[in-house]
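# Architecture and fold: a report
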Amino acid sequence: MASPFYNYTIATLTKGLNTLSTLLKKAEEYTKEKNIPLDELLNARLVEDMKPLSFQIVTATNIVSKALARAAFVEPPPQQEPENTYEDLYRRLDSALAELENVDPAKIAIKEGQTFKAPIGPNVVDFTLEDYSVRFLIPNFYFHVVTTYDILRAKGVQIGKLDYLTEFMA
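Computed from a predicted model, the values in this text were never measured in an experiment.

Turning to the overall build of the protein chain, a few remarks are in order. Helix and strand content of the protein chain: seven helices and two strands. Helices and strands appear in the protein chain in the N-to-C order α-α-α-α-α-β-β-α-α. Relative to a compact globule of 170 residues, whose C-alpha radius of gyration would be 15 Å, the protein chain shows 16 Å and is just as compact. Across its three principal axes, the protein chain shows a C-alpha extent of roughly 50 × 35 × 25 Å. Burial status across the protein chain gives 44% buried among its 170 residues. Counting contacts in the protein chain only where the partners sit at least 6 residues apart, residues at least 24 apart contribute 69% of the total. If you sum the accessible surface of the protein chain, you get close to 9100 Å²; carbon and sulfur atoms cover 53% of it. Separation between the mean location of the 18 positive side-chain charges and that of the 23 negative ones in the protein chain comes to 2 Å.

Below is the structure:
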């Protein structure tokens, strides 16, 4: 039997990664259509002190790897540096989606309710998987998906609310 963490968190992460893939494709199409250098949108930011679009996608995929490590109660892999091409980002999204597809729900279910420690900024917080998902993982993941959307909208890419919501509503 699948656990609530598996049913809701894995599904949400999968839908969010598919949304990022859709947004990235629209960004790439826009750069080609408008004859903009391909890396211009990948390096775009909402404001100077925020990280660029490529970082948002890399971080979203790192969040998936961390979540799966937390669900297995193992140390998460180190964060990967941002890639600089659309192809690298597509590969990264596909890899994270494959990780999610290969999750064994039974292995997660036996860990639910148990506590683990996770660093959040300068603090270390005790979580259960359910708590971690609701209080940190999903809000953090959404932040990077929405920031990707916002950067692209601010740079003129013709995307709308349904481009963001379609995968989540599927």
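Before going further, it helps to examine the confidence of the model for the protein chain. Note: predicted coordinates in regions of low pLDDT should not be interpreted at a detailed level. Here the protein chain shows a mean pLDDT of 92. Residues at 70 or above account for 97%. The weakest mean pLDDT in the protein chain belongs to helix H5 (residues 105-109) at 86; the strongest belongs to helix H6 (residues 129-154) at 96.

What counts and how
- Residues numbered from 1 in each chain as written.
- Predicted model: local features only at pLDDT ≥ 70, side-chain atom pairs only at ≥ 80, totals over all residues.
- Heavy atoms only, no water.
- Helix = DSSP H or I, 4+ residues; strand = E, 2+ residues; numbered from the N terminus.
- Rg over C-alpha atoms; globule rule 2.2 N^0.38 Å.
- Buried < 20%, exposed > 50% of the residue type's maximum accessible area, 1.4 Å probe, protein only.
- Contact = heavy atoms within 4.5 Å.
- Areas by Shrake-Rupley, 256 points an atom, 1.4 Å probe, with all protein chains shown as cover.
- Lys, Arg positive; Asp, Glu negative; His and termini not counted.
- Charge placed at Lys NZ, Arg CZ, Asp CG, Glu CD.
- pLDDT = per-residue confidence, 0-100.

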